[in-house]
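Remarks on the overall topology
Here is what each chain is made of, one letter per residue.
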Amino acid sequence: ESKELRESKFKLPKNQVKIISYFLDKYGLNYKKMVHDHKNIDQFTWRQFRQKIRKFMQIPEQFSLYLEERDILEADIDSKDQRWIETNTDDDEIE
């Protein structure tokens, strides 16, 4: 039993979900634009934004609620849809 993987019960605080939702709604996954927003009062770097948003997307209860509130089905998350393409990241610099 001790070797079995347990389901994570980690959840982000509500205020952090609210902030992440704002940035996702406004900028999609363009982290570098998020950095310059006036609501970035904690002065997160684009890499910190990327980390927080990726973590948020890995929490099914919270991310599915986010999608549901915006009438987006998880099946609608298309890798060709501009909202779900990460821009201005390390991946761009490799190409």
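Up top is the structure these notes are about.
Structure report, in brief. (Residues numbered from 1 in each chain as written. Predicted model: local features only at pLDDT ≥ 70, side-chain atom pairs only at ≥ 80, totals over all residues. Heavy atoms only, no water.)

1. Some words on the overall build of the chain
- Helix and strand counts for the chain stand at five helices and zero strands.
- For the chain, the N- to C-terminal ordering of α and β elements is α-α-α-α-α.
- Per-residue burial for the chain yields a buried fraction of 29% across its 95 residues.
- Element-wise, carbon and sulfur atoms account for 49% of the exposed surface of the chain, whose accessible area totals about 7,500 Å². (Helix = DSSP H or I, 4+ residues; strand = E, 2+ residues; numbered from the N terminus. Buried < 20%, exposed > 50% of the residue type's maximum accessible area, 1.4 Å probe, protein only. Areas by Shrake-Rupley, 256 points an atom, 1.4 Å probe, with all protein chains shown as cover.)

2. A look at the pattern of salt bridges
- By the definition in use, this model includes three salt bridges.
- In this structure, aspartate 25 engages arginine 70 in a salt bridge whose closest nitrogen and oxygen atoms are separated by 2.8 Å. Taken together, the positions of aspartate 25 in helix H1 (residues 14–27) and arginine 70 in the loop between helix H4 (60–69) and helix H5 (90–94) put the pair 45 residues apart, joining distant regions of the chain.
- Between glutamate 69 and arginine 70 there is a salt bridge whose closest N-O contact spans 3.3 Å.
- Classification of arginine 70 by relative accessible area gives partly exposed; the value is 28%.
- Among the charged side chains, a network of salt bridges with common partners joins Asp25, Glu69 and Arg70. (Salt bridge = Lys/Arg side-chain N within 4 Å of Asp/Glu carboxyl O.)

3. Some thoughts on the nonpolar core
- Counting residues in each nonpolar core, the largest one holds 19 residues, and the members touching the most others are Leu24, Tyr31, Met34, Ile53 and Phe56.
- For this core, the secondary structure elements donating two or more residues are H1, helix H2 (31–35), helix H3 (46–57) and H4.
- The element best represented in this core is H1, accounting for five residues. (Core = buried A, V, L, I, M, F, W, Y, C linked by side-chain atoms within 4.5 Å.)

4. Digging into H3
- Over its 12 residues, H3 extends 16 Å from the first C-alpha to the last, a length consistent with the 16 Å expected when each residue adds 1.5 Å.
- Three or more residues of H3 are buried, namely Trp46, Phe49, Arg50, Ile53 and Phe56. One side of H3 carries all its buried residues, which in axial view fall inside an arc of 130 degrees. (Expected span 1.5 Å × (residues − 1). Arc of directions from axis to C-beta.)

5. Structural notes on H4
- Taken residue by residue, H4 has Gln62, Phe63, Tyr66 and Leu67 as its buried positions. Along the axis of H4, the buried residues cluster in a sector spanning 135 degrees; they form a single face. Set apart from the buried face of H4 by more than 90 degrees, the exposed residues are Pro60, Glu68 and Glu69.
- A positive backbone phi angle near 55 degrees is found at aspartate 71, which sits one or two residues after H4.

6. Quick notes on the packing of aromatic side chains
- Counted under the stated rule, the structure contains seven aromatic pairs.
- Ring centres of phenylalanine 56 and phenylalanine 63 lie 5.5 Å apart, and the angle between their planes is 90 degrees; this geometry places the pair in the edge-to-face category. Here the two residues phenylalanine 56 and phenylalanine 63 agree in accessibility, since each one is buried.
- Consider the rings of phenylalanine 63 and tyrosine 66, whose centres lie 5.9 Å apart with planes at 15 degrees: the pair is stacked. Pair noted here: phenylalanine 63 and tyrosine 66 are both in helix H4, with a separation of three residues, about one helical turn. By the burial criterion, phenylalanine 63 is buried, and tyrosine 66 matches it.
- Grouping aromatic residues by their ring pairs yields a cluster made of Tyr22, Phe23, Tyr27, Phe44 and Phe49.
- A cation over a ring is seen here: lysine 32 above tryptophan 46, with NZ or CZ 5.0 Å from the ring centre.
- When the ring centre of tyrosine 22 is taken as reference, the NZ or CZ atom of lysine 39 above it lies at 4.4 Å. (Phe/Tyr/Trp six-rings, centres within 6.5 Å; stacked < 30°, edge-to-face > 60°. Lys NZ or Arg CZ within 6 Å of the ring centre and 35° of its normal.)

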